[in-house]
Amino acid sequence: MSPKPTCHLIRPESSYEGKQGLSYFAGIAAETVGSSGICMHLLTMPPGARAKAHLHESHETAIYVLSGEVHTWYGDKLEQQILVKAGDLFYIPAGVPHLPANLSGSPASAVIARTDPNEQESVVLLPELDALVA
């Protein structure tokens, strides 16, 4: 018999290196609290930081930018670009290639939630797209 579900408090004190090339603060995930349908993390991108081009195969992503600004290229060939600033909410559908970068001189922080409860399982790197963004 499985234990009765209960609430969990996470203080994002530890971090892990994501496949995307960024360091995330550990948050809500199957690995930390046993979640089955969602994960949520904090990310702070230092000035000049850039992720590797990637997508999340079958999972949606929602981002709330707390501070700073992040340029994000997206689309099959990263042909579209948007500047996401503090206070903005940004949605990335499942399967959409994207590459975020902090081109500013200040850190940028965001809360990131995905419909994948696992921290990294749905991340698919797209190295063939990395060179498309200078």
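Up top is the structure these notes are about.
Residues numbered from 1 in each chain as written. Predicted model: local features only at pLDDT ≥ 70, side-chain atom pairs only at ≥ 80, totals over all residues. Heavy atoms only, no water.

Remarks on the side chain of N102
- Along the chain, the position of N102 falls in the loop between strand 9 (98-101) and strand 10 (108-114).
- Owing to a relative accessible area of 0%, N102 belongs among the buried residues under this scheme.
- Of note is the side chain of N102, whose polar atom sits 2.8 Å from the backbone oxygen of S106.
- Each residue touching N102, except ones within four places of it in the same chain, is listed here: M45, P46, P47, G48, A49, E69, P107 and A108. (Helix = DSSP H or I, 4+ residues; strand = E, 2+ residues; numbered from the N terminus. Buried < 20%, exposed > 50% of the residue type's maximum accessible area, 1.4 Å probe, protein only. Polar contact = N/O pair within 3.5 Å; in protein donor to acceptor, adjacent residues only side chain to side chain. Contact = heavy atoms within 4.5 Å.)

Describing the side chain of H41
- Along the chain, the position of H41 falls in strand 3 (residues 39-45).
- The class of H41 is buried, set by a relative accessible area of 3%.
- There is a polar contact of 3.3 Å between the side chain of H41 and the backbone nitrogen of G27.
- If near-sequence neighbours (up to four positions away) are discounted, H41 is found in contact with Y16, Y24, F25, A26, G27, I28, A29, A110, V111, I112 and E119.

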